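Remarks on the overall topology
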Amino acid sequence: MATLIRNGTLLTATDRYEADVSIEDGVIRNIGRDLPVAPEDEVIDATGRWVLPGAVDVHTHLDMPFMGTVSADDFFTGTRAAAAGGTTTVVDFAIAPRHGDYEQTLDAWHARAEGKAVIDYGFHMGVTWFGTPEAETGLRRCVARGVTSFKCFMAYKGTLSIDDGEMFGLLALSRDLGATVSVHAENGSIVEALVARHRAAGHTDPVWHARSRPSTLEGEATSRAIVIARQAGAPLYIVHLTCAEALEAVRRARAAGQEVHAETCPQYLMFTDEVYERPDFEGAKWVMSPPIRPAGHPEALWAGLADGTLEVVATDHCPFQFATQKVMGKHDFSLIPNGAPGVGDRMAVLYHYGVKTGRIDVHRWIDTCSTRPARLFGLHPQKGTLAVGSDGDVVVFDPKATFTFGTAWSEHAVDYSLYEGMPGSGAFDVVLSRGQVVWERGTFRGRAGAGRFLHRFPGRTPFPE
Ligand code: URP
Ligand code: ZN
Ligand code: ZN
């Protein structure tokens, strides 16, 4: 039995055309006009609608222990919310405690995901220590087990961050292994000093989180990471880039011929730091690292997205309940768990506020949210596009529908939305993962545990493409 999606307008990162898509055994078998239908086939009529590749979110934190608590979406609720918002692949961060065993960490994340994920998933390994034979062996084993990307932190001093020497060693090893290093670029030492200074001065409100992490510190760390990667002869991927200074550092490096990739997230495009001034501790909803930036930065990011400097939009989905978790920092901004929900919002936010406003075109939307992340993280062409032989991860999207963002719309298991009350458009009418319908017109039709681990293989991304 095949699934046939008929009469839709197919959209990819490069093309737009009318065709049917037939999916068999979880894989796209045929794309063409007037494909034959067998009586036993499941037929989905996409007349008047768009047929998109299932989107790929390469930055999520599901069920993650962090800052004394655990992120609110687990692999079931988080991947269900992703599917409801048109995303059919996530790459989540397994984060080792400092000096923790990398393979054991990977085992722990497999245990978190197995039996729960409703869509396919991969892992990056969060590298919190380096420089010993044990660390190197552990990371080599991770690559052999299909985890071909690492994230290191220049921030979160004392818990997650590594120093420049460790980062240099990690980059050199990754170059040799054909793995990718991504970096959270903020100057952790100065952030720590500013946090201490503001706390000592008696400042407690969420706005002091942002004031402890100015954009200059992200610009400096981004430039430093780029220098370290150049010295190591390794490519570099910058996660959650938020500001004009960091964007300029990426542009300069690219112009000089260095392979540097960069990602931003919808929240940095959509908000300015006025959110931290909201009364009644509301600002805590936007407490994340790096923080939301002052006016001017979002405009720079939209321009960077349009001109290709920013290649990926991911979410950094890391939700904490406002009522019971964010409140841990009610009297001390430095104790507010860092992170916010977004895995289910990303595609709709970028469609309404990017495509419909003319800031990016529809192909750039698909490229940044699906195709490019799949390519950069070794998932393409299995994921991130519509092609014969690709997985049957397909979204039937109604571009004309309208709705209002908020907790009533999104499927996140968290008690707030960054976008509450804001208008949105588009509807993810039918979402298929390897040919199985997981979401249909507001109803979950998937199964916990149906999602498979995506074993990735090392190899260099061609640059420039
Ligand atoms: O605030 C954030 N971003 N929380 C998640 C951890 C990280 O740095 O990505
Ligand atoms: Zn980070
Ligand atoms: Zn993150």
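Residues numbered from 1 in each chain as written. Chains lettered and ligands numbered in written order. Predicted model: local features only at pLDDT ≥ 70, side-chain atom pairs only at ≥ 80, totals over all residues. Heavy atoms only, no water.

Here's the deal with the coordination of the zinc ion (ligand 2)
Each pair of donors in an ideal octahedron of six around a metal sits at 90 or 180 degrees, and each pair in an ideal tetrahedron of four sits at 109.5 degrees. Applied cut-off: For Na, K and Ca the donor cutoff is 3.2 Å, while for all other metals N, O and S atoms must lie within 2.8 Å; water is not among the atoms, so some sites may look incomplete.
The coordination sphere of the zinc ion (ligand 2) contains the protein donors K151 (NZ), H184 (ND1) and H240 (NE2), at a distance range of 2.1 to 2.4 Å. Coordination of the zinc ion (ligand 2) draws on donor residues from a single chain, spaced K-x32-H-x55-H in sequence.

Section: helix α1 (residues 75-84)
For clarity, the cut-off: Only protein chains enter the accessibility calculation, which uses a 1.4 Å probe. A residue is then buried if its area is under 20% of the maximum for its type, exposed if over 50%, and partly exposed in between. We count a stretch as a helix when DSSP gives it H or I for four or more residues in a row; a strand needs E for two or more, and each element gets its number in order from the N terminus. A contact between two residues is defined here by any heavy atoms of the two lying within 4.5 Å. For this analysis, a polar contact is any N or O atom pair within 3.5 Å, provided that within protein one partner can donate a hydrogen and the other can accept it, and provided that sequence-adjacent residues contribute only side-chain to side-chain pairs.
Here α1 lies mainly inside the structure; eight of its 10 residues are buried. Within α1, the full set of buried residues consists of F75, T77, G78, T79, A81, A82, A83 and A84. At its buried positions, α1 is contacted by β9 (87-95), α2 (102-113), β10 (120-127), β17 (423-433) and β18 (436-440). Measuring from the backbone nitrogen of F76 back to the side-chain oxygen at the start of α1 gives 2.9 Å, which picks out D74 as the cap. Remark: G86 follows α1 within two positions and exhibits a positive phi of approximately 90°.

Topic: the site of ligand 1
Quick note on the threshold: By convention in these notes, a residue is near a molecule or strand provided one of its non-hydrogen atoms lies within 4 Å of it. Each accessible area is a Shrake-Rupley estimate made with a 1.4 Å probe; only the visible protein chains count as cover when residues are assessed. Note on residue classes: Ala, Val, Leu, Ile, Met, Phe, Trp, Tyr, Cys and Pro are nonpolar, Asp, Glu, Lys and Arg are charged, and everything else, Gly too, is polar.
In the neighbourhood of ligand 1, 13 residues make up the surrounding shell, with K151, Y156, S289, D316 and N338 lying closest. A distance of 3.1 Å separates an oxygen atom of ligand 1 from a polar atom in the side chain of H61. N338 places a polar main-chain atom, nitrogen or oxygen, 3.0 Å from a nitrogen atom of ligand 1. The protein chains hide 100% of the 270 Å² of surface that ligand 1 would expose on its own. Looking at side-chain class alone, the shell around ligand 1 contains four nonpolar, seven polar and two charged residues.

Focus on the nonpolar core
What tends to happen in soluble globular proteins is that the nonpolar side chains get buried as a cluster. To be explicit about the condition: Put simply, a nonpolar core is a bunch of buried Ala, Val, Leu, Ile, Met, Phe, Trp, Tyr and Cys residues held in one set by side-chain atoms that sit within 4.5 Å of each other.
One finds M125, L350 and W365 to be the most contacted residues of the largest nonpolar core, which totals 127 residues. Apart from residues lying up to four places away in sequence, W365 is in contact with W50, L52, M347, L350, Y351, V355, I360 and F397.

Quick notes on the coordination of the zinc ion (ligand 3)
Every protein donor of the zinc ion (ligand 3) is listed here as H59 (NE2), H61 (NE2) and D316 (OD), and their distances to the metal cover 2.0 to 2.1 Å. All donor residues of the zinc ion (ligand 3) come from one chain, and their arrangement in sequence is H-x1-H-x254-D. In this structure the zinc ion (ligand 2) is found 3.8 Å away from the zinc ion (ligand 3). Taken as a pair, H59 and H61 share a single burial class, namely buried.

Observations concerning unusual backbone geometry
Looking along the chain, the bond that leaves S289 and enters P290 is cis, with omega of -5°. Tracing the backbone through its elements, the reader meets P290 in the loop between α9 (266-270) and α10 (297-307). A positive phi angle is found at H99, which is not glycine, with a value near 70°. Tracing the sequence through the fold places H99 in the loop between β9 and α2.

With respect to the sheet that holds strand β13 (residues 236-238)
Put simply, the test is: Strand pairing is defined by DSSP finding a minimum of two bridges between the two strands.
Overall, parallel pairing links the eight strands, which are arranged β6-β9-β10-β11-β12-β13-β14-β15 in an open sheet. Only two strands of the sheet have a single partner each, and these edge strands are β6 (55-60) and β15 (312-313). When β6 meets β9, the two strands line up parallel, connected through four bridges. In the sheet register, V56 faces β9, and the bridge partner there is T89.

Focus: the side chain of D57
Definition in use: For the purpose of counting charges, residues Lys and Arg are taken to be positive, whereas Asp and Glu are taken to be negative. His and the chain ends are not included. The term salt bridge refers to a pairing of a side-chain nitrogen on Lys or Arg with a carboxyl oxygen on Asp or Glu at a separation within 4 Å.
Considering the arrangement of structural elements, one finds D57 in strand β6. Of the side chains bearing the opposite charge, R346 lies closest to the buried D57, which forms no salt bridge; the N-O distance is 4.5 Å. In terms of polar contacts, D57 uses its side chain to reach the side chain of T315, at 2.5 Å. The residues touching D57, leaving out its near neighbours within four places in the chain, are T87, T89, V90, V91, A314, T315, V343 and R346.

Observations concerning the environment of T69
With respect to the helices and strands, the residue T69 is situated in strand β8 (residues 69-70). On a C-alpha basis, the gap between T69 and F123 in space is 21 Å, while along the polypeptide they are 54 residues apart. Ignoring anything within four residues of it in the chain, the contact list for T69 reads M64, F320, Q325, M328 and P337.

As for helix α5 (residues 188-200)
The criterion, for reference: In this scheme, a helix's expected span is set at 1.5 Å multiplied by one less than its residue total. The arc refers to the directions leading from the helix axis to the C-beta atoms.
End to end, α5 covers 18 Å across 13 residues, agreeing with the expected 18 Å (1.5 Å per residue, within 8%). Buried residues of α5: G188, V191, L194, V195 and H198, and no others. End-on, the buried residues of α5 take up no more than an arc of 120°, which puts them together on one face. Those residues of α5 that are exposed and angled more than 90 degrees off the buried face are R197 and A200.

A short note on the packing of helix α11 (residues 346-355) against helix α12 (residues 362-376)
Counted only if it meets this: Axis definition: a line fitted to C-alpha atoms, over the contacting stretch in the case of helices. Angles run 0 to 180 degrees between N-to-C directions. Orientation labels follow simple angle bins: below 35 degrees gives roughly parallel, above 145 gives roughly antiparallel, 65 to 115 gives roughly perpendicular, and whatever is left gives oblique. Crossings are assigned a handedness: left-handed for a near helix turned anticlockwise from the far helix by less than a right angle, right-handed for a clockwise turn.
At their nearest, the axes of α11 and α12 sit 10 Å apart, and the two run at 150° to each other. Of the possible angle classes, the one that applies to α11 and α12 is roughly antiparallel. As α11 packs across α12, the resulting crossing turns out to be right-handed. Across the interface between the two elements, R346, M347, L350, Y351 and V355 from α11 touch V362, W365 and C369 from α12. Class assignment for the residues of the contact of α11 with α12 results in seven nonpolar, no polar and one charged.

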